[in-house]
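If you want the building blocks of each chain, they are given just below.
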Amino acid sequence: MNKINWKVRILNKTFWLTLVPALALLLQTFLAVFNVRLELGETIDKLLVFINALFAVLMIVGIVNDPTTAGLSDSSRALDYHEPFED
């Protein structure tokens, strides 16, 4: 965890686009453990299944994964960034 530049990650829109759905799915799972379920109707329940699948895909995109480096840590160059690098 020390080899990830969290300050820059937090400033990145993609980070939030993947973290928020991950937390939403985690909350749904946590509530399901206690048999708490949102009863919003059959149509809305089907829509939630689609939204959950979309959220899962966004999580696959990566919360902490930097596709430009091997493994789960940032490169030494990325660790020195003070804001997201834009090409």
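Values in this document were obtained by computation on a predicted structure and should not be read as measured data. (Residues numbered from 1 in each chain as written. Predicted model: local features only at pLDDT ≥ 70, side-chain atom pairs only at ≥ 80, totals over all residues. Heavy atoms only, no water.)

Caption draft 1: Spotlight on the side chain of N52. Relative to the elements of secondary structure, N52 occurs in helix α3 (residues 42-61). For N52, the side chain forms a polar contact with the side chain of Q28, separated by 2.9 Å. Excluding residues within four positions of it along the chain, N52 makes contact with L25 and Q28. (Helix = DSSP H or I, 4+ residues; strand = E, 2+ residues; numbered from the N terminus. Polar contact = N/O pair within 3.5 Å; in protein donor to acceptor, adjacent residues only side chain to side chain. Contact = heavy atoms within 4.5 Å.)

Caption draft 2: Here's a closer look at helix α2 (residues 13-33). Between the first and last C-alpha of α2 there are 31 Å, a value that for 21 residues agrees with the 30 Å anticipated at 1.5 Å per step. Three or more residues of α2 are buried, namely F15, T18, L19, P21, A22 and L25. (Expected span 1.5 Å × (residues − 1). Buried < 20%, exposed > 50% of the residue type's maximum accessible area, 1.4 Å probe, protein only.)

Caption draft 3: Spatial organisation of the layout of surface pockets. Roughly 300 Å³ of volume is contained in the second largest pocket. Contributing elements (two or more residues each) for the lining of the second largest pocket: α2 and α3. No other element matches α2, which puts five residues into the lining of the second largest pocket. Counted by class, the lining of the second largest pocket contains eight nonpolar, two polar and two charged residues. (1 Å grid on protein atoms, 1.4 Å probe; cavity = no way out; pocket = protein on both sides within 12 Å on 5 of 7 lines; lining within 4 Å. Points joined across faces, edges and corners; volume = space filled by probe spheres on them. Nonpolar A, V, L, I, M, F, W, Y, C, P; charged D, E, K, R; others polar.)

Caption draft 4: Up close: the environment of N2. Its location among the elements puts N2 in the segment before α1 (6-11). Residues N2 and S73 lie 71 residues apart in sequence; the distance between their C-alpha atoms is 8.3 Å.

Caption draft 5: Region of the structure containing a nonpolar patch on the surface. A cluster of nonpolar side chains, namely L27, F30, L31, V33, F34 and V36, defines an oily patch on the protein surface of about 590 Å² accessible area. Mapped onto the elements, F34 comes out in the loop between α2 and α3. A relative accessible area of 53% places F34 in the exposed class. (Patch = residues over 30% accessible without salt bridge, like charges linked within 9 Å, V, L, I, M, F, W, Y side chains within 5 Å. Areas by Shrake-Rupley, 256 points an atom, 1.4 Å probe, with all protein chains shown as cover. Salt bridge = Lys/Arg side-chain N within 4 Å of Asp/Glu carboxyl O.)

Caption draft 6: Seen up close, the packing of aromatic side chains. Scanning the model with the defined rule gives one aromatic pair in all. Ring centres of F30 and F34 lie 5.1 Å apart, and the angle between their planes is 65 degrees; this geometry places the pair in the edge-to-face category. (Phe/Tyr/Trp six-rings, centres within 6.5 Å; stacked < 30°, edge-to-face > 60°.)

Caption draft 7: Quick look at the side chain of N5. Summarising the element assignment, N5 is placed in the segment before α1. A polar side-chain atom of N5 sits 3.0 Å from the main-chain carbonyl oxygen of L79. The contact partners of N5, leaving out residues within four places of it in the chain, are D74, A78, L79, D80 and Y81.

Caption draft 8: View of the confidence of the model for the chain. Across the chain, pLDDT averages 77, with 83% of residues at or above 70. Across the chain, α2 holds the top mean pLDDT of 82, while α3 sits lowest at 78. (pLDDT = per-residue confidence, 0-100.)

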